[in-house]
Amino acid sequence: MSAASSLLSEEQFLCSICLDVFTDPVSIPCGHSFCKNCITQHWDISGQCQCPMCKEVFDRRPLLWVNILISEMAAHCPDQRCAKPGEVPCDVCTGTKLKALKSCLVCLASYCETHLEPHQRMTGLKRHKLIDPVEDLEGRMCKKHDRPLELFCKTDQMCVCQFCTESDHKSHQFVPLKEGYEGKKAELGKTEAEIQQKIQERRLKIQEIKHSVELSEEDADREIADSVRVFTALMQSVERGQAELIETIQEKQKTTEKQAEGFIKELEQEISELMKRTAEVEQLSRTEDHLHLLQSFPSLNTPPHTKDWTEVSVHRSSYKGTVRRAVAQLEKTLRKEKKKLSVDVELKRVQQYAVDVTLDPDTAHPALILSDDGKQVKDGDVEKNLPDNPERFSVYVNVLGKQSFSSGRFYYEVQVKGKTWWGLGVARWSIDRKGEITASPKKGYWTVWLCEGNKYIALADPPVLLSVKSKPQKVGVFVDYEEGLVSFHDVDAAALIYSFTGCTFTEKLYPFFNPGLNDGGTNSAPLIISPVNHTD
């Protein structure tokens, strides 16, 4: 097929309407062939079925027959087609410009397959430098020496010709274009890798920012819910105070009204009796019966017995100071309620950062007994024969948690019920573990202790004796690494025990536990790391 196609001229593969290589070639009854779309659109526009070549007119639109021969031959000659926009055209073709296959750096021209043939056949032309077709061949020539740019000057980082090496770029370092190309391509690969790395880093940063926004939204939702709950409780307290004040005032008014009603009833009864006596006296004064008047006079002349109302009065209830006293009581109640709610809200907030903590047996003092699940620890009185590794405490019955934290917030709870001595908190990894230890923030410990059964101490600098209203049965420990905060909470009472503030953390922190000595069995209860039950 390729041999047959070589016998045909390039024009025979072109549609006479679009002047491009046939696409879906079809033949009409007169024998001429066109692209199917071209002839169809031509007839649609002209409104007359006429051959564009021989001008033969058909009475009605004829059937279009697929020209299989031309279709197959055109398919086997893909390079012999017109240059489309964006493609390099042949500089030799006249009329229709075919697509160029190669460009010659010597001739400074681009050639289609037909016009490239001399460069493939003639000895002199075979020595010319052929490259893939490009536009602006003059840009590949040295403007000063009119020679091809064949070398890359590493000194000036530019492409030069052979003559440049003996003039402007004398004594410079040169490499062939291919070597310079490969070097720059390698640099581009490195640059691309760096760009991809930056893209990946920024995508991760976007994810981080989005995650931060999500966490912030969750925090905002929690704060809104807590604020609604707190302010609802406070408003309820205000409404209760208002209702109690109104009830007190109304009770006083009712008492006044009841007293007044009694007086009025008594007075109306006396008025009734006096009016009755008045009627009797008036009737007697009109009688003409001398004997009757004289006999009745003694009983009617004396007024009926009545109460002396001179000093009797209804005292207005005094409301002076009632509102002030009610407001003072309300303020006291609100302060109490506010403190209770604030502590309760704070406990709920820190419980959101609960983590799973287990004890690390490699750090435990040899006398300590740890449960298999790593959740309980107590003093066993007798030291076991264990390796004295660098992580293990040697004098005090201390043990650390396995988990470490170097950023963010975390919270855990420990049951201390039934104990007379314990210590809880966090410690940094670099603390001293051998010999006598001073457990203070300066030494890397942030802890609270129960001593002698009733003395609570925060081992700050200096130690602080704590006032605890009720003996905690479960203690919550909260850490905000960035804020430098370590706080201790009485979980059941929802009360704050103590807070270390303004701390500076520079390394990993570990949960810290000291169950205290067994003390003859009085302190045999274990410290128990408990699951966090979020308060309602």
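Values in this document were obtained by computation on a predicted structure and should not be read as measured data.

The rules behind these values
Residues numbered from 1 in each chain as written. Predicted model: local features only at pLDDT ≥ 70, side-chain atom pairs only at ≥ 80, totals over all residues. Heavy atoms only, no water. Helix = DSSP H or I, 4+ residues; strand = E, 2+ residues; numbered from the N terminus. Rg over C-alpha atoms; globule rule 2.2 N^0.38 Å. Buried < 20%, exposed > 50% of the residue type's maximum accessible area, 1.4 Å probe, protein only. Contact = heavy atoms within 4.5 Å. Areas by Shrake-Rupley, 256 points an atom, 1.4 Å probe, with all protein chains shown as cover. Lys, Arg positive; Asp, Glu negative; His and termini not counted. Charge placed at Lys NZ, Arg CZ, Asp CG, Glu CD. Pairing = 2+ DSSP bridges. Axes fitted to C-alpha atoms, helices over the stretch in contact; angles between N-to-C directions. Salt bridge = Lys/Arg side-chain N within 4 Å of Asp/Glu carboxyl O. Arc of directions from axis to C-beta.

Visitor: Mind showing me how you'd approach the overall build of the protein chain here?
Guide: Regarding its fold elements, the protein chain presents eight helices and 22 strands. A compact globule built from 536 residues should have a C-alpha radius of gyration of about 24 Å, whereas the protein chain, at 54 Å, is more than 25% larger. Seen along its three principal axes, the alpha-carbon backbone of the protein chain occupies a region of about 175 × 100 × 50 Å. In the protein chain, which comprises 536 residues, the share counted as buried stands at 34%. Look at the contacts in the protein chain between residues 6 or more apart in sequence, and 57% of them connect residues 24 or more apart. Entry remark: accessible area of the protein chain is about 34,000 Å², with carbon and sulfur atoms responsible for 53%. Across the protein chain, the mean location of the 69 positive side-chain charges is 3 Å away from that of the 79 negative side-chain charges.

Visitor: I'm lost on the pairing of strand S21 (residues 509-514) in this one. Help?
Guide: Working note: regular strand, side chains alternate between the two faces of the sheet. Here S21 lies mainly inside the structure; six of its six residues are buried. Pairing between strand S14 (residues 422-428) and S21: six bridges, direction antiparallel. Within S21, the position partnered with Gly-423 by the bridge is Asn-514.

Visitor: Looking at this structure, I do not really get the sheet that holds strand S3 (residues 65-66). What am I missing?
Guide: Strands in a sheet are paired, the pairing made by backbone hydrogen bonds, and the direction either parallel or antiparallel. Here three strands make up an open sheet; going across it, the order is S2-S1-S3 and the pairing antiparallel. A single partner strand is all that each edge strand has here, and the edge strands are strand S2 (33-35) and S3. Direction of pairing for strand S1 (residues 25-27) relative to S2: antiparallel, over a ladder of three bridges. In the sheet register, Ser-27 faces S2, and the bridge partner there is Ser-33. The strands touched by helix H2 (residues 36-46) are S1 and S2; relative to S2, the strand with the most contacts, the crossing angle is about 90°.

Visitor: How should the pattern of salt bridges be read in this particular structure?
Guide: Oppositely charged side chains may form a pair once their charged atoms are brought near each other. Taken as a whole, this structure holds 14 salt bridges when the rule is applied. We note a salt bridge from Glu-208 to Lys-205, for which the minimum N-O separation is 3.3 Å. Of this pair, Glu-208 and Lys-205 are both found in helix H6 (residues 177-285), three residues apart, which corresponds to roughly one turn of the helix. Accessibility expressed as a relative area gives 45% for Glu-208, which makes it partly exposed.

Visitor: Whenever I open this one, H2 confuses me. Can you help?
Guide: Along an α-helix, a turn takes 3.6 residues, which lines up residues three or four apart on a common side. Among the residues of H2, Cys-38, Ile-39 and Trp-43 are the ones counted as buried. Angular distribution of buried residues about the axis of H2 spans 125°; they occupy a single face of the element. Opposite the packed face of H2, turned more than 90 degrees from it, sit the exposed residues Asn-37, Asp-44 and Ile-45. Its buried side turned inward, H2 meets S1 and S2. Count one or two residues on from H2 and you reach Gly-47, which has phi positive near 75°.

Visitor: Mind showing me how you'd approach the environment of His-315 here?
Guide: Relative to the helices and strands, His-315 is located in the loop between helix H7 (290-301) and helix H8 (322-351). A residue is classified by how much of its surface remains accessible, and His-315, at 60% relative accessible area, is exposed. On a C-alpha basis, the gap between His-315 and Ala-260 in space is 9.1 Å, while along the polypeptide they are 55 residues apart. The residues touching His-315, leaving out its near neighbours within four places in the chain, are Thr-256 and Gln-259.

Visitor: Honestly, the sheet that holds S14 in this entry has me stumped. Any pointers?
Guide: Here we have six strands laid out as an open sheet, ordered S12-S21-S14-S15-S16-S17, and antiparallel in their pairing. Looking at strand neighbours, the two that pair on one side only are strand S12 (399-400) and strand S17 (464-466), the edges of this open sheet. Across six bridges, the pairing between S14 and strand S15 (residues 445-451) is antiparallel. Within S15, the position partnered with Gly-425 by the bridge is Thr-447.

Visitor: I'm lost on the pairing of strand S16 (residues 455-458) in this one. Help?
Guide: Summarising the sheet, S15 and S16 pair through four bridges and their orientation is antiparallel. Paired with Leu-450 across the bridge in S16 is Tyr-456. Relative to S17, S16 is paired through three bridges, and the arrangement is antiparallel. Note on S17: the bridge partner recorded for Tyr-456 is Leu-466. Here S16 folds back onto S17 in antiparallel fashion, the turn holding five residues.

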